[in-house]
Every structure is written in structure tokens, then in C-alpha cells.
Amino acid sequence: MHQKAMPRSGIIDAVEDVTPVVLNAMEGAANPRLREVAAAFVRHMHAFAREVKLTEQEYDIGIDFLNRIGQSTHDSHNEGILFADAIGFSTLVCLLNNGNGGPTETAAALLGPFWRMNSPRTANGGSIVRSATPGPELFVSAIVRDTGGQPVADAEVDVWQSSPVGLYENQDDSQADMNLRGKFTTDAAGRFNFRSVKPAGYPVPMSGPVGDMLRAQKRHPYRPAHLHFLIYKPGFKTLVTQIFVDDDENLESDVVFGVTSALVGDFKRHDAGAPPAGGVKPPWFTLDASFVMTKGEAKLPVAPIK
Ligand SMILES: [Fe+2]
């Protein structure tokens, strides 16, 4: 019979011992934040298994799902981010870390899986259409301000978007490398503007485990059409955000939960009048956008793809 007189911290006698034994084993981490995060992760994972009375078969499915997320990830696709996006975890972390609950007029939004480093530098007013990309033309005019309303000059602005058929260039052999991507610099008035084509909504990649999850949950795979922005300037918290096309049918059911009211853009359709540039045929669209940067540390995220 087991004697309890000499407790040995690593020996587990009953199901209720597991969590404290594991937490105890992890207490040696020198980094206090690592201790806090790892302990909370274990507590919640154990509580999750207890709550649903996880079966061994479900455990196997879960481990396989996790392994397949890694196996599905490569230089041009990041299934891990897609999974975090599709369960609302990316948006949760984004809102926890940005906007102070919403005092700024443009809040942050999830990075998504398609940002690439080294977008081509493009002059203000230039086009990010780098190979023939049929679709309605779009003219974006934007301003970046600080929380006091003053313009933020010399900020670097990365822009990236899908084509009018809903594909990013890295997913589409018919588009030139870096098509619909560009890097701008705000002028002395904090402004940047560019020419593009109207993006379309698109399905997230469905060939991996996240696709299996969405099918099992009877969820559609679509994101409403949007433009991505990443705005960087030392002294300010890097602003990663998106602006959504306001007439998109999936605006209220984004598969990755990225839409907040503040991020719905005012895309204006023009069917007549003087076009904003030579050779532009109606309908064309214009978008005026406004971004607010808060003081903080300028850090670039890890690029999800190469
Ligand atoms: Fe996107």
C-alpha cells in the first residue's frame, strides 16, 4: 500500500494531483513572465480537459490536428496563424493590446497570414498594380495622425491586398511578384495615397486542418474584401490594421472575426464625372482613410510568409 508519510512532489497519486505537480515542476523558470504564462496555460489546458472530460480518442484527434497545423505550414502559407484567426484568438489578442478599448478612430486588426517583408517602395500617388489586374480601379487617400491630431510624417506604410478575384499574388501565378503590395512614406502632412484595384473577398485556404474544422462547423470560408495596412515609425506603436469594403456580403460573418465597426471603410463608387487619372473608366472607387498612431514601441511583426 502506498505510504503518504513522505510526500514526493513529482509522484502522482490521483487525478487531482496532476495540475499542482506540473505547476510545481515549472516554477524554476527564471523569467517571471514565462512562469506566469506557462502556469496559466497549463491550468487552463487541464481545466479544459476536465470540463469536457476529454476522451483518449479526442486527445488523439487534437494531437493530430496540432501536428497537421505544423505540417501544413511552409514559406508561402502559415496554417498556425490561420487557426488562431479562425478561432478568434488573433482578434482577441489584437484588441487586448491595442486602442485602449477604442479611444482612437482607427483600431488595429489582425495581421493575417499574407504580409511579406520588403514590399516595393512606391512614390506617393503611385500604383501598386504591377501586372495586368482587371477590375474596378480604386484610389486611396489616407492620413496618419497621432492621438493629439497632429500629422505623423515620414511613417512607413505597407499596403497589401487581394486582387478583384480574391487572390494574393503569392497564391496566383498570373500575378507578378509583389503585385498589389507597396511601401509608402507619409508626407509632411501625414498623407499617403495610391492607386490600385478594388479588392475582392476571398476564402481562406481550406486544404489543411483549419478547412476541416470550418467544414465540420458548417462555416463558410470567406473574408469580406479588405485592404491591409502596416504603419511603422519609431516612437509609435506599429499599427497593423485592415479597412473593409462596406458593401461586401460577408461583412458581418468574417471567417476570421476581423471586422470591427471602426474598420469598415467608406468606399465611394463613381459612375460619372471627371476621372481621377487619365484612362480611368467608370465605375471607379475612392476611399478616404484616416489612421491614428499611439505612442509606443515600433516593432515589426514576424512575417508569416517569405
Ligand atoms: Fe487579407
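Refer to the structure above for everything that follows.
Everything numeric here is computed off the predicted structure, so don't read it as measured data.

**Q** When you look at the pairing of strand 2 (residues 156-161) in this model, what are you seeing that I'm missing?
**A** Moving residue by residue along a regular strand, the side chains alternate between the two faces of the sheet. Of all 6 residues making up strand 2, 5 are buried, and the element is well covered by its neighbours. Bridge count between strand 2 and strand 3 (residues 181-185): 5 bridges; the pairing is antiparallel. Bridge pairing in strand 3 places Val157 opposite Phe184. Note that strand 2 and strand 7 (residues 226-232) share 6 bridges and pair antiparallel. If you follow Asp158 over to strand 7, its bridge partner there is Leu230.

**Q** Help me understand the packing of helix 1 (residues 18-25) against helix 2 (residues 32-52) in this model?
**A** Each pair of packed helices gets described by two things: the angle between the helix axes and the distance between those axes. One can describe the packing of helix 1 onto helix 2 by two numbers: an axis separation of 10 Å at closest approach and a directional angle of 165°. In terms of axis orientation, helix 1 runs roughly antiparallel to helix 2. Pair helix 1 / helix 2 crosses with right-handed handedness. Residue-level contacts link Val18, Thr19, Val22 and Leu23 of helix 1 to Ala39, Val42, Arg43, His46 and Arg50 of helix 2. Across the contact of helix 1 with helix 2, the residue classes break down as 5 nonpolar, 2 polar and 2 charged.

**Q** Would you take a moment to explain the coordination of the iron ion for this structure?
**A** Metal coordination angles in their ideal form are 109.5 degrees for the four-donor tetrahedron and 90 or 180 degrees for the six-donor octahedron. Coordination of the iron ion by the protein is provided by Tyr168 (OH), Tyr202 (OH), His226 (NE2) and His228 (NE2), with metal-donor distances spanning 1.9 to 2.1 Å. Considering all 4 donor atoms around the iron ion, angles at the metal cover 90 to 160° and the coordination shape is irregular. When the donor residues of the iron ion are listed from N- to C-terminus, their spacing reads Y-x33-Y-x23-H-x1-H. Taken as a pair, Tyr168 in the loop between strand 2 and strand 3 and His226 in strand 7 lie far apart in primary sequence, 58 residues in all. You'll find Tyr168 and His226 in the same group, each marked buried.

**Q** Quick question: what am I supposed to make of the packing of aromatic side chains here?
**A** With the rule as written, the count across this model stands at 11 aromatic pairs. Arranged with centres 6.4 Å apart and planes meeting at 0°, the rings of Phe192 and Phe194 form a pair that is stacked. Taking the relative accessible area as the measure of exposure, Phe194 reaches 2% and is therefore buried. Clustering of aromatic rings is evident, with ring pairs tying together Phe184, Phe192, Phe194, Phe229 and Phe291. Cation over ring: Lys198 sits above Phe285, and NZ or CZ is 4.4 Å from the ring centre.

**Q** Got a minute to help me understand the packing of helix 3 (residues 56-71) against helix 6 (residues 209-216) in this structure?
**A** Here helix 3 crosses helix 6 at 130°, and the two axes come no closer than 8 Å. Compared by their axis directions, helix 3 and helix 6 come out oblique. Contact residues: helix 3 offers Phe65, Arg68 and Ile69, while helix 6 offers Pro209, Val210, Asp212 and Met213.

**Q** How should I be thinking about empty space enclosed by the protein in this particular structure?
**A** Where empty space is left can be seen by rolling a probe of water-molecule size over the atoms. On inspection of all chains with the given rule, the structure shows 3 cavities of 30 Å³ or more. When its volume is computed, the second largest cavity comes out at roughly 40 Å³. In terms of lining, the second largest cavity is formed by Leu82, Asp85, Leu110, Gly112, Pro113, Tyr202, Val204, Arg223, His228 and Val256. Across the lining of the second largest cavity, the residue classes break down as 6 nonpolar, 2 polar and 2 charged.

**Q** Help me understand helix 6, please; the structure alone is not making it clear to me.
**A** Count 3.6 residues to each turn of an α-helix, and residues three or four apart come out pointing the same way. When helix 6 is considered as a whole, its buried residues turn out to be Pro209, Val210, Gly211, Met213 and Leu214. Of the residues trailing helix 6, Lys218 is marked for its positive phi of about 55°.

**Q** Help me out: how do you make sense of unusual backbone geometry in this one?
**A** Negative phi is the rule for most residues except glycine; trans is the rule for most peptide bonds. Here Pro282 and Pro283 are connected by a cis peptide whose omega angle stands at -5°. With respect to the helices and strands, Pro283 occurs in the loop between strand 9 (267-270) and strand 10 (284-293). Notably, Asn118 is not glycine yet its phi reads approximately 65°, a positive angle. Position of Asn118 relative to the elements: it lies in the loop between helix 5 (89-97) and strand 1 (137-146).

Basis of the calculations
Residues numbered from 1 in each chain as written. Predicted model: local features only at pLDDT ≥ 70, side-chain atom pairs only at ≥ 80, totals over all residues. Heavy atoms only, no water. Buried < 20%, exposed > 50% of the residue type's maximum accessible area, 1.4 Å probe, protein only. Helix = DSSP H or I, 4+ residues; strand = E, 2+ residues; numbered from the N terminus. Pairing = 2+ DSSP bridges. Axes fitted to C-alpha atoms, helices over the stretch in contact; angles between N-to-C directions. Parallel < 35°, antiparallel > 145°, perpendicular 65-115°, else oblique. Left-handed = near helix turned anticlockwise from the far one by under 90°. Contact = heavy atoms within 4.5 Å. Nonpolar A, V, L, I, M, F, W, Y, C, P; charged D, E, K, R; others polar. Donors = N, O, S within 2.8 Å, 3.2 Å for Na, K, Ca; no water. Tetrahedral: all angles 85-135°; square planar, octahedral: opposite > 155°, others 65-115°. Phe/Tyr/Trp six-rings, centres within 6.5 Å; stacked < 30°, edge-to-face > 60°. Lys NZ or Arg CZ within 6 Å of the ring centre and 35° of its normal. 1 Å grid on protein atoms, 1.4 Å probe; cavity = no way out; pocket = protein on both sides within 12 Å on 5 of 7 lines; lining within 4 Å. Points joined across faces, edges and corners; volume = space filled by probe spheres on them.

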